[in-house]
Amino acid sequence: MLEHIIWHIPTIIIALFYTAYGLLALLLGKEEKYRNMLRKIKNYNYRPFISIVIPTYNEEKIIASTLENTLSIDYPKDRIEIIVIDSSDDKTPEIVAEYATHYPYIKLIKTERKGVATARNEAYSIARGEIVIKTDCDSILKSDAISEIVANFADRRIGAVTSRVMAPNNEGLEINYRSIQHRIQIAESIIDSTYIFNTLSAFRRALIRPITTSADDADVALNIRKQGYKAIYDPDSIFYEASPLTVRERVEVKSRRAVGHINLLLKNIRLCFNPKLSWYGMLILPMNLFMIVISPILMLLIPIFSIIDMLTSKAFLLLDYTILGSIPLIFALRNKPLVSKVWTMIELQIIQLIALMRVIKYGDMRTWKRAETTREYYARTAATTNRRE
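All of the points below concern the structure found in this document.

**Some thoughts on the packing of aromatic side chains**
Phase 1: Evaluated as defined, the whole model comprises 8 aromatic pairs.
Phase 2: Grouped by ring-pair contacts, the aromatic residues Phe 17, Tyr 18, Tyr 21 and Phe 290 constitute a single cluster.
Phase 3: If you follow Arg 113 out to its NZ or CZ, it ends over the ring of Tyr 57, 4.0 Å from the centre.
Phase 4: Lying across the ring of Phe 331, Arg 334 places its NZ or CZ 4.0 Å from the centre.

**Things to note about the environment of Arg 204**
Phase 1: Along the chain, Arg 204 turns up in strand β7 (residues 201-204).
Phase 2: Here Arg 204 falls in the buried class, since its relative accessible area comes to 5%.
Phase 3: For the pair Arg 204 and Ile 224, spaced 20 residues apart in sequence, the C-alpha to C-alpha distance is 8.6 Å.
Phase 4: Not counting residues up to four positions away in its chain, the partners in contact with Arg 204 are Tyr 46, Glu 130, Ile 131, Phe 153, Asp 155, Arg 156, Ile 158 and Gly 159.

**As for the nonpolar core**
Phase 1: Counting residues in hydrophobic clusters, the biggest one holds 38 residues, and the most contacted among them are Ile 50, Ile 82, Ile 133 and Ile 146.
Phase 2: No other element matches the 4 residues that helix α6 (residues 145-151) contributes to this core.
Phase 3: Apart from the residues lying within four places of it in its own chain, the contact partners of Ile 133 are Ile 50, Ser 51, Ile 52, Val 53, Ile 146, Ile 149, Val 150, Leu 200, Ser 201 and Ala 202.
Phase 4: Judged by nonpolar contacts, the second largest core, of 22 residues, contains Ala 218, Val 259, Leu 271 and Leu 285.

**Here's the deal with empty space enclosed by the protein**
Phase 1: In this structure the tally under the stated criterion is 2 cavities of 30 Å³ or more.
Phase 2: Taken as a whole, the second largest cavity spans an internal volume of roughly 30 Å³.
Phase 3: For the lining of the second largest cavity, the secondary-structure elements that each account for two or more residues are α1 (9-28) and α7 (172-191).
Phase 4: For the lining of the second largest cavity, the element with the highest residue contribution is α7, accounting for 4 residues.
Phase 5: By residue class, the composition of the lining of the second largest cavity is 6 nonpolar, no polar and 1 charged.

**A few points about the pairing of strand β2 (residues 80-86)**
Phase 1: In terms of residue burial, β2 counts as a mostly covered element, since 7 of its 7 residues are buried.
Phase 2: Of the two faces of β2, the one carrying Ile 80, Ile 82, Val 84 and Asp 86 and the one carrying Glu 81, Ile 83 and Ile 85 are both buried.
Phase 3: Following the backbone out of strand β1 (residues 50-56), through helix α3 (residues 63-71) and into the adjacent parallel β2, one traces a crossover that is right-handed.
Phase 4: Looking at chain direction, β2 and strand β3 (residues 106-110) are connected through 5 bridges and run parallel. Looking at β3, one finds that Val 84 is bridged to Leu 108.
Phase 5: A crossover connection joins β2 to the parallel β3 through helix α4 (residues 92-102); in handedness this β-α-β unit is right-handed.

**Some words on the sheet that holds β3**
Phase 1: A sheet is described by the order of its strands in space; here 8 strands give the open sequence β3-β2-β1-β4-β7-β6-β8-β5, paired in mixed fashion. Two strands lie at the open edges of the sheet, namely β3 and β5 (139-141), each paired on one side alone. The sheet shows a mean angle of 30° between the axes of neighbouring strands, direction not considered.
Phase 2: The pairing of strand β4 (residues 131-134) with β7 spans 4 bridges and is classified as antiparallel. If you follow Ile 131 over to β7, its bridge partner there is Arg 204.
Phase 3: Strands β6 (158-166) and β8 (230-241) of the sheet are contacted by helix α2 (residues 31-41), whose axis makes an angle of about 110° with β8.

What counts, and where the lines are drawn
- Residues numbered from 1 in each chain as written.
- Predicted model: local features only at pLDDT ≥ 70, side-chain atom pairs only at ≥ 80, totals over all residues.
- Heavy atoms only, no water.
- Phe/Tyr/Trp six-rings, centres within 6.5 Å; stacked < 30°, edge-to-face > 60°.
- Lys NZ or Arg CZ within 6 Å of the ring centre and 35° of its normal.
- Helix = DSSP H or I, 4+ residues; strand = E, 2+ residues; numbered from the N terminus.
- Buried < 20%, exposed > 50% of the residue type's maximum accessible area, 1.4 Å probe, protein only.
- Contact = heavy atoms within 4.5 Å.
- Core = buried A, V, L, I, M, F, W, Y, C linked by side-chain atoms within 4.5 Å.
- 1 Å grid on protein atoms, 1.4 Å probe; cavity = no way out; pocket = protein on both sides within 12 Å on 5 of 7 lines; lining within 4 Å.
- Points joined across faces, edges and corners; volume = space filled by probe spheres on them.
- Nonpolar A, V, L, I, M, F, W, Y, C, P; charged D, E, K, R; others polar.
- Right-handed = clockwise from strand over helix to strand, strands pointing away.
- Pairing = 2+ DSSP bridges.
- Axes fitted to C-alpha atoms, helices over the stretch in contact; angles between N-to-C directions.

Interpretation in functional terms is not warranted from these geometric data alone.
Here is the structure:
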């Protein structure tokens, strides 16, 4: 009997890992408890000079509303510079230049299109702020998002902070994913530091090192954690980022991001189980490596091994039928509230498997085709509101 269990080793590993990690997120990922922890380190009187970096590429339809939204933040304007690093061949730079004539703290930097990581490296190298805040053209900031994220840096132990992302277009699967990630980021921040960094993130400029992968935000944060500083999540610093409205675009966007994370984790695999990084090295990095790189492979093997078991040993037929039967059932019921969360995780594993194949074939992806449905959503929004709160 024991020799037949080999076909279900991937199932056992997946079940044990996600049960353990789920319990960890459930027990530690309590929002109110974490907010109380953050209140002890935040100081809203801390107002350093900051640099807000916005990379752009052919954003003429939404750049004006992006700048209006950025200008509406409740941070002192004499303590801000806004750096737009642009590689467009449309009217984006002209629109930014026009804004710069009215707001002298807006700076337009023209650069060649060599990828977002290269553009951000250039912008970070000229930033003057003690704190550098990175956002994107398709992010909508709450008016207090910057004040909230900056307040964390009053604690000298903090080197990087990432914000909470919300979906303004209420795309179901994306909301599920973000709610799960929200709990995980809280739990990781309580334990030590969080690995995944969202679009709106802030870093101590003196700690920033050149970005070497397309997982640019996580790349910067990981290097800051290596220097002994904490990289945490702030659920009170909120921004909105529309999710792609088609399956094809969602797969493209998420697999692109996963490619960067796979490269970053493999590049830093020696840090896994490194006690010098405390729980970040001993637990958080290994768990993210498992979820992003190893788990998708095991998930692929589960149905394959179940079929092999059915055709050969037949030792676990009930389990085999349950596994193979649950796949079409979960897909059919994927829009039901409870099942949708399970499908979200399965879809994410499929996307990460696609990303892994792209890494094997192409290595990293520095430039990519953007999600046009999100740009259309923002363009429609900009046509009806100035996006100020």
